[in-house]
Number of protein chains: 2
Amino acid sequence: MKILLDAFGGDNAPEQVIKGAVDYVSKGGKAEVCLVGMVDVIKAIIEKNGYSDKSLSFMNATEIITCEESPTDAFRKKPDSTITVGMSALKTGEYEAFVSAGSTGAVLTAAIFKAGRLAGVKRPAMGTVMPTISGNPTMFMDCGANADCKPEYLVQFAIMGDAYMKKVYGIKVPKIGLLCNGTEEEKGSQFTHAVYQALKQVDGINFVGNVEGRDILTGEYDVIVTDGFSGNVAVKSIEGAANAIMATLKRNIMASLKAKIGFLFMKKAFKKTVKEMDYNNRGGAVFLGVNGVVVKAHGSSKSTAITAALFQAEEAIKNDVKAEIATRLSDEKLKQIKYE
Amino acid sequence: MKILLDAFGGDNAPEQVIKGAVDYVSKGGKAEVCLVGMVDVIKAIIEKNGYSDKSLSFMNATEIITCEESPTDAFRKKPDSTITVGMSALKTGEYEAFVSAGSTGAVLTAAIFKAGRLAGVKRPAMGTVMPTISGNPTMFMDCGANADCKPEYLVQFAIMGDAYMKKVYGIKVPKIGLLCNGTEEEKGSQFTHAVYQALKQVDGINFVGNVEGRDILTGEYDVIVTDGFSGNVAVKSIEGAANAIMATLKRNIMASLKAKIGFLFMKKAFKKTVKEMDYNNRGGAVFLGVNGVVVKAHGSSKSTAITAALFQAEEAIKNDVKAEIATRLSDEKLKQIKYE
C-alpha cells in the first residue's frame, strides 16, 4: 500500500503534516507514506526533529495552492503544486490514496481533472463521517462538492455512501435517509421529491425516507444524502452552533466565581466533549467516486488529525471501496430508474 | 391593540398558553388578548387557577389542528379550528396580530388563505430572530415556509427582513447577507448566483454578500436570507448540534465523580447558557408579508415563551411593520431589477 500525502496542505503544514506521517508509521500504519512537496524542506524538518524516515518516501513539487486562491485558477496556474502532482501520481495507479489538508476546492478540481472519476460516476461527492450522540458513525454527503445537483447524482451518492459504510464500517444494511425540511414523504422541494421517488426504485439499498437537519448527529442513520449546497449549509451551521454554545458557556462561567471553581473540576469532561464532537479528529472528508482514495483533512489539522486521515485512507484501501463503488454503479438496473 | 391567541396550539396547551396570556397582562402588556378556542374550557381553567381575566377576551372555536395532520387537509376539513377562526378574525382588521404555538404548516396555510398576503408580496416568509454570540439579534429567513423559491422571493425577503430589523430593533442600516456554501461572490448554486446579482440592484438595503452557515449565530449580520429548504436545514442542524453537544457533555460529566462535583458548582452557568441559546425564549418566528402580525411560537412553548411571543407581537404592531413592508415593496424601482 502506498499513500500520497500533501506535505504543504493546511494551516499547520509542513511541520504538523510531517509529524502526522511519522506518527502514523510508528503507530503501526501499514502503508508507505509518500510526502509530496519541496523535498529539501521536508528532509530538513525530519532531520531537525530527529524523526525516523522509516516507510516514508518523497516526491518533489515546488508550488503550493493556498485556500485564498480560486481553486480552478490555482489549478491552472500552478501545474507543479503538491495537489496537482499528487493527484497525477494517484492516476498512475502506483499509489492507492491521496491525503491533503489543503484547499478543498483545489483537491476536488485536481481529483476530477487529474486522478479522474471512476467509470460510471456522474459527480464525485464529498462525504464526512459525523460524530453522533449514539456513537454510531453517520456518513453525510455531499458536504459541498456539487452546489447544483440532479436527482441522478443523489442516487449515486446514496449507493457510494452505502458501499463505504458496508466496506469500511462493516454495517450490513445501512439505513439511508434523504435530508429534507420535514420527515413526511410530501415534505421537500421539487428537487427532493424527485430524489425521493428515484431512491425508492434503487435495489439493494435500505432507503428509509426523509430526515431533518436535527437527525444528522443522532446516529440513527448510517448515510444521509443531500445536494452539496444544503450539505455545506448543514455542516457549517453545526460548526457555528458548537462555537456559539461554547462561547456562551465560557462567558457564563467567567461571570461567576462559583462556576469558575466548578469548571476546574469539569475541565476534563469538557475537553473530552469538544474532542468527541470535533469531526476533524475522525480523519477527514472522503471524495467518493474518484479513481483512487482521496481524503481531505480539515485545514486546521494538527498531526493527530493527519495521522487519523492516513489510517482512514488505509482502511478504505484495504477494504477496496473503489472497486465496490465501480461494481455497484455498473449495475444495469440503475439505468431503468425513472426520474420525474 | 388587540392580539388573537390560539389557546389550543402547542404541546402544553391550553393551560400554559392561558398562563402565558395572564402573565403578559400582569407584566404590563399593552394589548387586549383574545383567547381563541373552546371558551368554556378556557374559562374553567382561568377560574380553577384563580387567574384575573383583566384585558382578556374570548372567541369560540371548536376544532383543533394537530401537528400530526397534513396542514392543507386539516385546514380544509376543520373550518372551525382555532387557527382558521383566528386568522379569519385577523382579516377583518379588528385585531392586529395572531399568535399560535400550533402547527407551523397550518398557521402558514391559514395565514395565506384567510388573513391573506399584503399587497405586492409574492410569498410570505418565516423569519426567526436567532440568539447570537455577540448578543446582536440576527433575523434568519425563510426558515421553512417556501421550500421552492424564485430569486424574486428572496429580494422581497431581504426587504421585509430589513424593514423588521429597522422598525422593531431600531437598527439604522441592517447588514444583509445571503446564505451560501462559501463567502466569495463566485460561490453558490445557480439559484444563489441569480439572487446575489438581484440583491446588488436593490436600492436602500445594505447587501454585504454571501455568508456561511457558521455566520448565522455570530451576530455579525442583521438579516440573513435563504430559501425555505436551506433555512429549515440550517435551523434544524443548529438544534441538532445543540442537542448533541449537551448529550455528550452530560455523558462525560456522569462518567466522572470529579466532573459531577464540578457540575454542581456550574449548574447555574449551564442553565443560563441553555436559556440564552434557546431561540424559543425570544418569542417565536414571524410570518412576514401577511396581512397582519403573525407570530408562531415553538410547539413546546411553555407560558414564558407565550408571554414573550405576545410582547413580540405587541412590538411589531406598535412599530407598524406591516405598513413599512407594504410601502417598501410598492417601490416602483423594484420592478426594474433584472433577474438572470
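Residues numbered from 1 in each chain as written. Chains lettered and ligands numbered in written order. Predicted model: local features only at pLDDT ≥ 70, side-chain atom pairs only at ≥ 80, totals over all residues. Heavy atoms only, no water.

Caption draft 1: Representation of the pairing of strand β5 (residues 125-130) of chain B within the structure. Residue and element names in this part refer to chain B. Within β5, six of the six residues are buried, leaving the element largely enclosed by the surrounding structure. Burial along β5 is two-sided: Ala125, Gly127 and Val129 facing one way and Met126, Thr128 and Met130 facing the other are all buried. For β5 and strand β6 (residues 138-141), the ladder comprises four bridges, and the chain directions are antiparallel. Paired with valine 129 across the strands is methionine 139, a residue of β6. (Buried < 20%, exposed > 50% of the residue type's maximum accessible area, 1.4 Å probe, protein only. Helix = DSSP H or I, 4+ residues; strand = E, 2+ residues; numbered from the N terminus. Pairing = 2+ DSSP bridges.)

Caption draft 2: Expanded view of the interface of chain A and chain B. Across the boundary between the two partners, chain A contributes 50 residues, which contact 50 residues of chain B. Summed over both sides, the interface between chain A and chain B buries roughly 4,800 Å², with carbon and sulfur atoms accounting for 67% of that surface. Taken together, the connections running from chain A to chain B amount to four salt bridges. One salt bridge in this structure joins Glu239(A) and Arg214(B), with 3.1 Å as the shortest N-O distance. Counting the contacts that link chain A with chain B gives twelve residue pairs in polar contact (both at pLDDT 80 or more). At the level of elements, α7 (190-199), α8 (228-254) and α9 (257-277) of chain A are the ones that each hand at least two residues to the side of chain A that touches chain B. (Contact = heavy atoms within 4.5 Å. Buried area = accessible area lost by both parts, 1.4 Å probe. Salt bridge = Lys/Arg side-chain N within 4 Å of Asp/Glu carboxyl O. Polar contact = N/O pair within 3.5 Å; in protein donor to acceptor, adjacent residues only side chain to side chain.)

Caption draft 3: Representation of the nonpolar core within the structure. Formed by 92 residues in total, the largest nonpolar core has its most connected members in Met87(A) and Met87(B). Sequence-distant contacts of Met87(B), defined by excluding residues within four places in its chain, comprise Phe98(B), Val107(B), Ala110(B), Ala111(B), Lys114(B), Ala115(B) and Val294(B). (Core = buried A, V, L, I, M, F, W, Y, C linked by side-chain atoms within 4.5 Å.)

Caption draft 4: Summary view of the sheet that holds strand β11 (residues 293-297) of chain A. Residue and element names in this part refer to chain A. Taken in spatial order, the eleven strands of this open sheet run β3-β2-β1-β4-β11-β10-β5-β6-β9-β7-β8, and their pairing is mixed. Of all strands in the sheet, those bounded by a partner on one side alone are β3 (56-60) and β8 (206-211). Neighbour to neighbour, the strand axes of the sheet diverge by 25 degrees on average, direction disregarded. As paired strands, strand β5 (residues 125-130) and strand β10 (residues 284-288) are joined by three bridges and run antiparallel to one another. By the bridge assignment, glycine 127 is partnered in β10 with valine 286. (Axes fitted to C-alpha atoms, helices over the stretch in contact; angles between N-to-C directions.)

Caption draft 5: Layout of the packing of helix α6 (residues 151-169) of chain A against α7(A). All names here are of chain A. Axis separation between α6 and α7 bottoms out at 9 Å; the angle between their running directions is 50 degrees. With respect to α7, the axis of α6 lies oblique. By crossing handedness, the relation of α6 to α7 is classed as right-handed. From α6, Pro151, Leu154, Val155 and Ala158 reach across to α7, where they touch Phe191, Ala194, Val195, Ala198 and Leu199. Of the residues assigned to the contact of α6 with α7, the class counts are nine nonpolar, no polar and no charged. (Parallel < 35°, antiparallel > 145°, perpendicular 65-115°, else oblique. Left-handed = near helix turned anticlockwise from the far one by under 90°. Nonpolar A, V, L, I, M, F, W, Y, C, P; charged D, E, K, R; others polar.)

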